Amino acid sequence: IQANAPVGASALRTDVLYAGFWRRLLAYLIDGILLSGVYLSIYSAVQVLAPFSIVAGPLVRDGKVDTVDLTATAIALANIASVCGWIGWAYFVILESSPARGTLGKLTLGLYVGDAHGDPIGFTSALVRNALKTLSTLTLGAGWVMAAFTPRKQALHDVLAGTLVLRKRHYFVIGAMAPTEPGDHWDGTRWVASVPPLENS
């Protein structure tokens with residue numbers, strides 16, 4: 001909502017802005033903590049429900065490594081990691097394509113994911129966006145850091161997927177309020193350029 005309040009009137013103004021690197025990083029850390037708790041719970045449940053599991057079994061007997069148990073343990077851990085990986089993938093893809101438009105970390109900070117026009121993204125777009133995160137990581141993390149320098153605060157996977165991470169800013173204004181500086185903003189239906197106030201001649 002990018003409308004100015006009439007002179008003498010008061011209104012709650014809402015701007016849609018690009019989410020910066022540090023906000024996105026904090027949101028990702030929140031998500032990481034939540035998912036780590038889920039992963040730890042899964043691993044602990046496996047140990048509680050299957051105390052005889054080879055994962056908890058001794059790998060060394062009589063001073064020798066039991067290669068059978070060692071291999072089986074590696075397979076069991078790989079299976080747990082696979083399950084956790086799918087849970088993490090589903091967490092990001094489903095929540096970002098849902099009406100919430102963001103993960104719990106993003107929602108905590110008032111962030112959400114949109115397409116190039118700020119509209120909600122579908123499941124396929126969320127799937128592509130999160131698959132491309134691998135590419136952002138393989139660039140030694142440079143793909144993630146791009147969010148700090150690109151004009152629309154996009155990481156590499158956002159650029160390639162055509163998505164944006166946005167945030168809403170709410171504030172109270174009294175009287176007319178023109179844009180204070182030029183730049184892109186969302187008027188509720190599309191991205192438009194703000195026009196700076198004219199100077200009195």
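Attention here is on the structure that accompanies the text. (Residues numbered from 1 in each chain as written. Predicted model: local features only at pLDDT ≥ 70, side-chain atom pairs only at ≥ 80, totals over all residues. Heavy atoms only, no water.)

**Looking at helix α1 (residues 21-49)**
Alright, step 1. An ideal rise of 1.5 Å per residue puts 42 Å on 29 residues; α1 measures up with 41 Å between its terminal C-alpha atoms.
Alright, step 2. Those residues of α1 that fall on the buried side of the exposure criterion are Arg24, Ala27, Asp31, Leu35 and Gln47. (Helix = DSSP H or I, 4+ residues; strand = E, 2+ residues; numbered from the N terminus. Expected span 1.5 Å × (residues − 1). Buried < 20%, exposed > 50% of the residue type's maximum accessible area, 1.4 Å probe, protein only.)

**Brief notes about the packing of aromatic side chains**
Given two aromatic rings, one states the distance between the centres and the angle between the planes to describe the pair.
Alright, step 1. Under the criterion given, the structure shown has six aromatic pairs.
Alright, step 2. Here the aromatic rings of tryptophan 89 and phenylalanine 123 are separated by 6.4 Å at their centres, their planes lie at 85 degrees, and the arrangement is edge-to-face. Of the two residues, tryptophan 89 is situated in helix α2 (residues 67-96) and phenylalanine 123 in helix α4 (residues 123-131); the sequence distance between them amounts to 34 residues.
Alright, step 3. With a centroid separation of 5.2 Å and an interplanar angle of 90 degrees, the aromatic rings of tyrosine 91 and phenylalanine 92 are classed as edge-to-face.
Alright, step 4. The buried category is assigned to phenylalanine 92, whose relative accessible area is 9%.
Alright, step 5. Counting every residue linked through ring pairs, the aromatic cluster contains Tyr28, Tyr91, Phe92 and Trp144.
Alright, step 6. Above the face of the phenylalanine 92 ring, lysine 133 is positioned so that its terminal group lies 4.2 Å from the ring centre. (Phe/Tyr/Trp six-rings, centres within 6.5 Å; stacked < 30°, edge-to-face > 60°. Lys NZ or Arg CZ within 6 Å of the ring centre and 35° of its normal.)

**Quick look at the pattern of salt bridges**
Alright, step 1. In total, this model carries five salt bridges according to the counting rule given.
Alright, step 2. Here glutamate 96 ties to lysine 106 by a salt bridge, and the two come within 3.2 Å at their closest N and O atoms. In this pair, glutamate 96 sits in helix α2 while lysine 106 sits in helix α3 (residues 104-108), placing the two residues ten residues apart along the sequence.
Alright, step 3. Judged by its relative accessible area of 0%, glutamate 96 falls in the buried class.
Alright, step 4. Through salt bridges with shared partners, a single ionic network connects Arg24, Glu96, Lys106, Arg129 and Asp158. (Salt bridge = Lys/Arg side-chain N within 4 Å of Asp/Glu carboxyl O.)

**Observations regarding the side chain of lysine 106**
Alright, step 1. Residue classification places lysine 106 among the buried positions, given a relative accessible area of 9%.
Alright, step 2. A polar contact is formed between the side chain of lysine 106 and the side chain of glutamate 96, at a distance of 3.2 Å. (Polar contact = N/O pair within 3.5 Å; in protein donor to acceptor, adjacent residues only side chain to side chain.)

**Details of the side chain of histidine 157**
Alright, step 1. On the secondary structure map, histidine 157 appears in helix α7 (residues 156-161).
Alright, step 2. Judged by its relative accessible area of 0%, histidine 157 falls in the buried class.
Alright, step 3. For histidine 157, the residues in contact, after removing those within four places along its chain, are Arg24, Arg129, Leu132, Lys133, Ser136, Trp144 and Thr163. (Contact = heavy atoms within 4.5 Å.)

**Considering the nonpolar core**
Alright, step 1. Listed in full, the five residues of the largest apolar core are Val16, Tyr18, Tyr112, Leu164 and Leu166.
Alright, step 2. Broken down by secondary-structure element, the contributors of at least two residues to this core are β1 (10-18) and β5 (163-174).
Alright, step 3. Residues in contact with tyrosine 112, not counting those within four places in the same chain, are Val16, Ala100, Arg101, Leu164, Val165, Leu166, Arg167 and Lys168. (Core = buried A, V, L, I, M, F, W, Y, C linked by side-chain atoms within 4.5 Å.)

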